[in-house]
Amino acid sequence: EKVTVSVIKADVGGLCGHTLAPIELLDAVEYVVENAVDETLIDYYVTNCGDDIDIVMTHNKGVDNDEVHKLAWDALTDATEVAKELKLYGAGQDLLSDSFSGNVKGLGPGCAEMEFVERRSEPLVVFCCDKTDPAAFNLPFYKMFSSPFNTPGLVFDPSMTEGFKYEVMDIIDHKRVLMSTPVETYSLLALIGNLERYAIKRVYRGYDNEIAAVASSEKLNMMAGEYVGKDDPVAIVRAQSGFPAVGELLEAFANPHLVSGWMRGCHWGPMMPVGEEDAMPSRFDGPARIMALGFQLSKGRLVGPNDLFADKAFDKARDKALDMADMMRSMGPFQPHRLPESMMEYTSVPKVLKALESRFEEIPENNCKLDKVTDRGDLE
Ligand code: 13P
Ligand code: 13P
Ligand code: MG
Ligand code: MG
Ligand code: MG
């Protein structure tokens, strides 16, 4: 029988500002989810990364299941009520609809799900992020499944030598394409190196198309039409025995990369790997965090988690991320710390630029002589 792992997540309020989903919200979610064990779910784990609540659920109902999605929706709705009562910041931020309609997709929460036959031993890692967007997984997914310098298993394990296939989404045109590595490595990189437009949704093993990884990739800022927060993503990745080892998955974060998000969802900054205790981004509302929760599935039961980035061996990655944070911060409101307009979350930026439009004039053909500034402050 197949088992399904579903991770559904949302930001329904922060204490204070955008820093943390407090225990009161996690309790509200857990209360609802706990009551669904046996009837709907096999097992669950509730946690938070910064102001985002992550609900990990296992069941036998397949992906995109109404009952499972409604359960998560109800839990997040109840947590929203608590957030409103406590007047938390951005209460209900990611619940964009007043009513549930069969699936959380398009309603605000992020969602990553996969269904598979549980192996004799089924190690998997759930990655949870805050202050960034789904394209943050492009570079690490590439390293995990296509770089032999990150994953020697690609060289050593015969079931991986045929490589992996990537389902890449074009976020702007709402299209997708399947690309195979190692054959199409360079073309794949041509796409996924563009973090503005392309995000990896799923990864499959080349020789048997077995699901290896899935990320949430709902683009909240586009769904709502105006700023409602970046869709701080989650991902599920299977490990060992024909997939990269757990340590090969984690190694992709040992040398921090720059991701979009951070303050107001408008800045590039480093992705800092942290344990659950340290997932409360506050400096300039960041920098972006990623947690890695390691589970072993046992007939759908979630044994664990092992808080994998709590390992001391990631201290240097954290130090480096903090140095990168200083370096990027020194640019203040200038690019490349500031995101290009097309990637900025706040729709108020175009408003600021719009207000300046009437002040612009054509540059004269012979623009070498000094212009006089009139008393009114215009160019003459
Ligand atoms: P152990 O010898 O600790 O089981 O580790 C084996 C291994 O393959 C580590 O990557
Ligand atoms: P969140 O997406 O985590 O709510 O952060 C939004 C923000 O504006 C941070 O400065
Ligand atoms: Mg928030
Ligand atoms: Mg968040
Ligand atoms: Mg965000």
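Since this is a predicted model, take the numbers as computed values, not measurements.

Calculation rules
Residues numbered from 1 in each chain as written. Chains lettered and ligands numbered in written order. Predicted model: local features only at pLDDT ≥ 70, side-chain atom pairs only at ≥ 80, totals over all residues. Heavy atoms only, no water. Salt bridge = Lys/Arg side-chain N within 4 Å of Asp/Glu carboxyl O. Helix = DSSP H or I, 4+ residues; strand = E, 2+ residues; numbered from the N terminus. Buried < 20%, exposed > 50% of the residue type's maximum accessible area, 1.4 Å probe, protein only. Contact = heavy atoms within 4.5 Å. Expected span 1.5 Å × (residues − 1). Donors = N, O, S within 2.8 Å, 3.2 Å for Na, K, Ca; no water.

An account of the pattern of salt bridges is needed here, citing residue identities and associated values.
If you walk through the whole model with that rule in mind, you get 18 salt bridges. Between Arg-238 and Glu-210 there is a salt bridge whose closest N-O contact spans 2.9 Å. One end of the pair, Arg-238, is in strand β10 (residues 234–238); the other, Glu-210, is in the loop between β8 (198–205) and β9 (211–215), with 28 residues separating them in the sequence. For Arg-238, a relative accessible area of 0% puts it in the buried group. One salt bridge in this structure joins Arg-318 and Asp-315, with 2.8 Å as the shortest N-O distance. Residue Arg-318 and its partner Asp-315 are both found in helix α8 (residues 315–329); the two are separated by three residues, about one turn of the helix. According to the relative accessible area criterion, Arg-318 is buried, its value standing at 12%. With relative accessibility at 29%, the residue Asp-315 sits in the partly exposed group. Beyond isolated ion pairs, a larger network of salt bridges with shared partners links Arg-119, Glu-122, Glu-210 and Arg-238.

Break down the side chain of His-257 for me, citing the residues and quoting the values.
Mapping His-257 onto the fold places it in the loop between α7 (246–251) and β11 (258–261). Ignoring sequence-local partners within four residues, the contact set of His-257 consists of Ala-136, Leu-139, Pro-140, Gly-269, Pro-270, Met-271 and Met-324.

Give a detailed account of helix α2 (residues 66–85), specifying residues and quantitative values.
With 20 residues, α2 should reach 28 Å at 1.5 Å per residue; the first-to-last C-alpha distance of 28 Å fits that figure. Among the residues of α2, Val-68, His-69, Leu-71, Ala-72, Trp-73, Ala-75, Leu-76, Ala-79, Thr-80 and Ala-83 are the ones counted as buried. Lys-87, located one to two residues past α2, shows a positive phi value of around 50°.

I'd love a proper account of the environment of Val-352, names of residues and values included.
For Val-352, the location among the structural elements is in helix α9 (residues 348–356). Val-352 sits 286 residues away from Asp-66 along the chain, and the two C-alpha atoms are 42 Å apart.

Could you give an account of the coordination of the magnesium ion (ligand 4), with specific residues and numbers?
At the metal site, the magnesium ion (ligand 4) is ligated by Asp-51 (OD), Asp-52 (OD), Asp-130 (OD) and Asp-232 (OD), and these contacts range over 2.0 to 2.1 Å. Donor residues for the magnesium ion (ligand 4), ordered by position in the chain, follow D-D-x77-D-x101-D. Between the two metal centres, the magnesium ion (ligand 4) and the magnesium ion (ligand 3), the spacing is 4.4 Å, with Asp-51 acting as a shared donor. Of the two residues, Asp-130 is situated in strand β5 (residues 122–130) and Asp-232 in the loop between α6 (220–223) and β10; the sequence distance between them amounts to 102 residues.

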